[in-house]
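Report on the structure
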Amino acid sequence: MPIRSVVQALPVLLLPAILALSLPFGFANAATPVCESPASDPDGDCWGWENKASCIVAGGSADSDTTREVICQTESDPDGDGWGWENNRSCRMDRAAAVVKEPVAPAGAHPQCRRSDSDPDGDGYGWENGASCSMAAGVSKPHQAPIDTGRMISPRLQRCTSKRSDHDRDGLGWENNDLCASEAGITRCDTTTADPDGDGFGIQAGKTCIVSESVAAVAPERSGSFSPADITDVVLVTGQSNVLGSMTAYNAQLDQPHKRVFAWTSEGWQQADLHQVWDRNGHPGNFSQGDSSRQPYNNFAFHFGRELARLGPERVPAFIVASAPGKGIAHWDRDGSFYREVSEKVSLALRALPHRSHI
């Protein structure tokens, strides 16, 4: 419901509660209609119930000038709903006059939209000149995705529930801490060179593009085990102590290995397990492998790999961890010893993957 509608409804919703607290018991709403049938008052208290609303029995104790509805004497119905307010009470507009009466928007209401295409989702409200506007009755049409042969909805991602999730209208949005595909559609890549890793998505003119519908279609989850020969992505994770993950907590349920995530360990490429040794001083395994008295540490790279696998059922990500706790940025200089150390580690890992040539 638009905010305007909620605000307008508040007086109607709150007024009975306020009156019940501040006025004598038995005070009737000024607009209560007369019951059409005596059967509507089974308990004989001169109050009945018809058409999902209270009514008063004509001639009964509840029937008086203060409870009967009256006809409005002035143009006191600014929103054109057939009811007005005069002399501190509700009144009903004359039906004959209401037929020809042009509704007038109350102060603060949305102005009427001037263009028929201002309401793409068909909810009766549009957007013009940087502000909301209301569509004339019968003008709004059901929303239709824009027809553009150069764009497509990515089948790989879940659909965005609101177009506001895709502010730049490039076809990709962000909802619930995850990417989503908007109805704006993603542009097709002009060439396959825009997608160097072959995952179906590329970068073109600074924005995401999609190579083809067939390439970007969701691949089914393959059953069975995976080996290093299946690895599709190799990621280097380097940095200070946060990369090392020392003294972080381990949870046996949350931190289970993923069959499609691999790590470069002291024993070569293996399915990633936090009990292994990936980096200096036995991290993240903490020398816990084979020792039930020790717990491993956690690691960012492990969960980054799991997330990559979750986003792409056809991907088999692998990572290499190289940390330098407490070191300044100069420690990563191209001619420095640590740079050479990392380069040697990466070269050794890639030589163990003949089908991969880069990270």
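Residues numbered from 1 in each chain as written. Predicted model: local features only at pLDDT ≥ 70, side-chain atom pairs only at ≥ 80, totals over all residues. Heavy atoms only, no water.

**Some details on the nonpolar core**
Among the nonpolar cores identified, the biggest contains 17 residues, and I231, V234, F262, W269 and I320 are the most heavily contacted of them. At 5 residues, the largest contribution of residues to this core is made by helix α5 (residues 337-351). The contacts of I231, once residues within four sequence positions are left out, are F262, W269, V316, A318, L353, H355 and R356. Within the second largest apolar cluster, 12 residues are counted, among which are A272, L274, A301 and V321. (Core = buried A, V, L, I, M, F, W, Y, C linked by side-chain atoms within 4.5 Å. Buried < 20%, exposed > 50% of the residue type's maximum accessible area, 1.4 Å probe, protein only. Helix = DSSP H or I, 4+ residues; strand = E, 2+ residues; numbered from the N terminus. Contact = heavy atoms within 4.5 Å.)

**Some thoughts on the state of the cysteines**
Counted by the stated rule, this structure contains 3 disulfides. The residue that forms a disulfide with C160 is C180, at a sulfur-sulfur distance of 2.1 Å. With the S-S dihedral at roughly 95°, the linkage between C160 and C180 falls on the right-handed side. Here C160 is found in the loop between β7 (151-152) and β8 (172-175), whereas its partner C180 is found in strand β9 (residues 178-181), with 20 residues between them in sequence. C180 matches C160 in its accessibility class, with the two residues each being buried. Between C189 and C209 runs a disulfide, and the two sulfur atoms are separated by 2.0 Å. Because the sign of the S-S torsion sets the handedness, a value of about 95° for the bond joining C189 and C209 places this disulfide among the right-handed ones. One end of the pair, C189, is in the loop between β10 (186-188) and β11 (201-204); the other, C209, is in strand β12 (residues 207-210), with 20 residues separating them in the sequence. (Disulfide = S-S within 2.5 Å.)

**Re unusual backbone geometry**
Going from H283 to P284, the amide bond is cis rather than trans, its omega being -5°. Relative to the assigned elements, P284 resides in the loop between β15 (268-271) and α4 (300-311). With phi around 70°, M247 is a residue other than glycine that occupies positive phi space. Structurally, M247 can be placed in the loop between α3 (241-244) and β14 (262-265).

**Things to note about the confidence of the model for the protein**
When pLDDT drops low, the exact placement of atoms in the prediction is not to be read closely. Averaged over every residue, the pLDDT of the protein is 76; the share at 70 or more is 72%. β14 holds the highest mean pLDDT among the elements of the protein, 98, whereas helix α1 (residues 3-22) holds the lowest, 35. Overall, residues 1-30 carries pLDDT values under 50, and its contacts beyond four positions in sequence, including any with other chains, amount to 17 contacts. (pLDDT = per-residue confidence, 0-100.)

**Overview of α5**
With 15 residues, α5 extends 21 Å from end C-alpha to end C-alpha; this agrees with the ideal 21 Å at 1.5 Å per step. Taken together, the buried positions of α5 are occupied by F338, V342, K345, V346, A349 and L350. The buried residues of α5 occupy one face: seen down the axis, they fall within an arc of 130°. The exposed set on the far side of α5, more than 90 degrees from its buried face, consists of S337, E344 and R351. Where α5 is buried, its residues meet β13 (233-239), β14, β15 and β16 (317-323). (Expected span 1.5 Å × (residues − 1). Arc of directions from axis to C-beta.)

**Some details on the side chain of S323**
Considering the arrangement of structural elements, one finds S323 in strand β16. Classification of S323 as buried rests on a relative accessible area of 0%. Apart from residues lying up to four places away in sequence, S323 is in contact with G239, Q240, V243, L244, D279, R280 and F338.

**Regarding the side chain of N298**
Within the secondary structure, N298 sits in the loop between β15 and α4. From its side chain, N298 meets the backbone oxygen of A249 in a polar contact 2.8 Å long. The residues touching N298, leaving out its near neighbours within four places in the chain, are L244, G245, T248, A249, Y250, D255, L274, P284 and H303. (Polar contact = N/O pair within 3.5 Å; in protein donor to acceptor, adjacent residues only side chain to side chain.)

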